[in-house]
Amino acid sequence: MNNILPFPAPLHMKPAQSRQSNPMQAIVGQFMNGVSPMAILDRIGGPQAQQAKQLIGGKNENQLREIAVNMARQRGVDLDSLAQQLGVTIPK
């Protein structure tokens with residue numbers, strides 16, 4: 001699967017931070033448990049996480065969706081299919 005996030009996989013997360021073995025699943029699990037995206041990026045750390053924080057900081061829901069759609073399109077990924085594979089719903 002193409003990486004649509006503004007940072008490379010694998011993410012810099014210790015296995016103890018999640019029961020999931022896949023870092024992407026760990027992040028999705030944190031989102032589903034109500035952890036803020038900014039807090040997740042703080043945990044990841046590094047220059048690419050900081051770049052992602054600058055990209056999404058201060059954006060509303062519609063702007064964030066548009067960013068996600070554009071990033072996915074640039075990488076040849078259908079965002080809705082990706083969301084379905086991850087078991088999440090992306091607001092329209």
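Residues numbered from 1 in each chain as written. Predicted model: local features only at pLDDT ≥ 70, side-chain atom pairs only at ≥ 80, totals over all residues. Heavy atoms only, no water.

## Some points on the pattern of salt bridges
Alright, step 1. For the coordinates displayed, the defined rule picks out two salt bridges.
Alright, step 2. With its nearest N and O atoms 2.5 Å apart, the salt bridge here joins D42 to K53. In this pair, D42 sits in helix α2 (residues 37-44) while K53 sits in helix α3 (residues 47-56), placing the two residues 11 residues apart along the sequence.
Alright, step 3. Looking at D42, the relative accessible area reads 44%, which means it is partly exposed.
Alright, step 4. R65 is paired through a salt bridge with D80; the nearest N and O atoms lie 3.7 Å apart. Note that R65 is positioned in helix α4 (residues 61-74) and D80 in helix α5 (residues 79-86), a separation of 15 residues in sequence.
Alright, step 5. Owing to a relative accessible area of 36%, D80 belongs among the partly exposed residues under this scheme. (Salt bridge = Lys/Arg side-chain N within 4 Å of Asp/Glu carboxyl O. Helix = DSSP H or I, 4+ residues; strand = E, 2+ residues; numbered from the N terminus. Buried < 20%, exposed > 50% of the residue type's maximum accessible area, 1.4 Å probe, protein only.)

## Remarks on the environment of A68
Alright, step 1. Tracing the backbone through its elements, the reader meets A68 in helix α4.
Alright, step 2. The spacing of A68 and L79 is 11 residues in sequence and 7.5 Å in space, taken between C-alpha atoms.

## Re the environment of L82
Alright, step 1. The residue L82 is located in helix α5 in this model.
Alright, step 2. Between the C-alpha atoms of L82 and A72, which are 10 residues apart in sequence, the distance is 9.1 Å.

## Side note on the side chain of K53
Alright, step 1. In terms of polar contacts, K53 uses its side chain to reach the side chain of D42, at 2.5 Å.
Alright, step 2. Each residue touching K53, except ones within four places of it in the same chain, is listed here: M38, L41 and D42. (Polar contact = N/O pair within 3.5 Å; in protein donor to acceptor, adjacent residues only side chain to side chain. Contact = heavy atoms within 4.5 Å.)

## Considering the nonpolar core
Alright, step 1. Counting residues in each nonpolar core, the largest one holds six residues, listed as I27, I40, L41, I44, A49 and A52.
Alright, step 2. When contributions to this core are tallied by element, the ones reaching two or more residues are α2 and α3.
Alright, step 3. If one sorts the elements of this core by residue count, α2 sits on top with three residues. (Core = buried A, V, L, I, M, F, W, Y, C linked by side-chain atoms within 4.5 Å.)

## Focus on the packing of helix α1 (residues 23-32) against α2
Alright, step 1. Interhelical geometry of α1 versus α2 gives an angle of 145° and a closest axis separation of 10 Å. Taken as a pair, α1 and α2 cross one another with a handedness that is right-handed. Every residue of α2 that contacts α1 at I27, Q30 and F31 is listed here: P37, I40, R43 and I44. (Axes fitted to C-alpha atoms, helices over the stretch in contact; angles between N-to-C directions. Left-handed = near helix turned anticlockwise from the far one by under 90°.)

## Notes on the confidence of the model for the protein chain
Alright, step 1. Summary statistics for the protein chain give a mean pLDDT of 78 and a share of 77% for residues scoring 70 or more.
Alright, step 2. Of all the helices and strands in the protein chain, α1 carries the lowest mean pLDDT, 80, while α3 carries the highest, 91. (pLDDT = per-residue confidence, 0-100.)

## Brief notes about α4
Alright, step 1. Relative to the 20 Å expected for 14 residues at 1.5 Å per residue, α4 spans 20 Å between its end C-alpha atoms, a close match to the ideal helical length.
Alright, step 2. Restricting attention to buried positions, one finds in α4 the residues R65, I67, M71 and A72. Relative to the axis of α4, the buried residues are bounded by an arc of 160° and lie together on one face. Of the exposed residues in α4, the ones pointing more than 90 degrees away from its buried face are N62, R73 and Q74.
Alright, step 3. Between the side-chain oxygen of the N-cap and the backbone nitrogen of N62 there are 3.0 Å, and the N-cap of α4 in question is N60. (Expected span 1.5 Å × (residues − 1). Arc of directions from axis to C-beta.)

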